[in-house]
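Examination of the molecular architecture
Here's the letter readout for the chains.
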Amino acid sequence: MSTDPVGRFLTALDPDHRKAISAKPREEQEQLAAAWERELEEDTELDSLDELSPAAAEAEAARRVLDRGTGSDLSG
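Residues numbered from 1 in each chain as written. Predicted model: local features only at pLDDT ≥ 70, side-chain atom pairs only at ≥ 80, totals over all residues. Heavy atoms only, no water.

**Observations concerning the overall build of the protein chain**
When you go through the protein chain residue by residue, the secondary structure sums to five helices and zero strands. Ordered by position from N to C terminus, the α and β elements of the protein chain give α-α-α-α-α. Within the protein chain, contacts between residues separated by at least 24 positions form 49% of all contacts whose residues are at least 6 apart in sequence. Within the structure as shown, the protein chain displays about 4,800 Å² of accessible surface, and the carbon and sulfur contribution to it stands at 49%. (Helix = DSSP H or I, 4+ residues; strand = E, 2+ residues; numbered from the N terminus. Contact = heavy atoms within 4.5 Å. Areas by Shrake-Rupley, 256 points an atom, 1.4 Å probe, with all protein chains shown as cover.)

As structure tokens, then:
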């Protein structure tokens, strides 16, 4: 498993979003990854999901970050 936050964030995304976010500047990828890590740390609902499936919790946190608008413009 990658310890790079951006790499972990990209892995948590579905293939279409992964491709779109990978095309963005590294700085923007880092901002999204930081928001994703905060989501994982702060959302208590994800704690329960993480116990059942860490990958599902990471994917849900990634979806939430993108849905909040921090990554809504996926066209590049």
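**A closer look at the nonpolar core**
Within the largest apolar cluster, 15 residues are counted, with the highest numbers of intra-cluster contacts made by Phe9, Leu13, Ile21, Trp36 and Ala62. Contributions of two or more residues to this core are made by helix 1 (5–12), helix 3 (26–42) and helix 5 (54–70). Apart from residues lying up to four places away in sequence, Leu13 is in contact with Arg18, Ile21, Ala62 and Leu66. (Core = buried A, V, L, I, M, F, W, Y, C linked by side-chain atoms within 4.5 Å. Buried < 20%, exposed > 50% of the residue type's maximum accessible area, 1.4 Å probe, protein only.)

**Topic: helix 1**
One turn of an α-helix holds 3.6 residues; hence residues three or four places apart share an orientation. Counting buried positions along helix 1 yields six of eight residues, so the element is predominantly enclosed. Along helix 1, the positions that sit buried rather than exposed are Val6, Gly7, Arg8, Phe9, Leu10 and Ala12.

**Brief notes about the environment of Leu40**
On the secondary structure map, Leu40 appears in helix 3. Along the sequence, Leu40 and Ala62 sit 22 residues apart, while their C-alpha atoms lie 8.9 Å from each other. The contact partners of Leu40, leaving out residues within four places of it in the chain, are Leu46, Asp47, Ala57, Glu58 and Ala61.

**So, the confidence of the model for the protein chain**
Across the protein chain, the average pLDDT comes to 88, with 88% of residues at 70 or higher. Averaged pLDDT values for the elements of the protein chain fall to 84 in helix 4 (residues 44–52) and rise to 96 in helix 1. (pLDDT = per-residue confidence, 0-100.)

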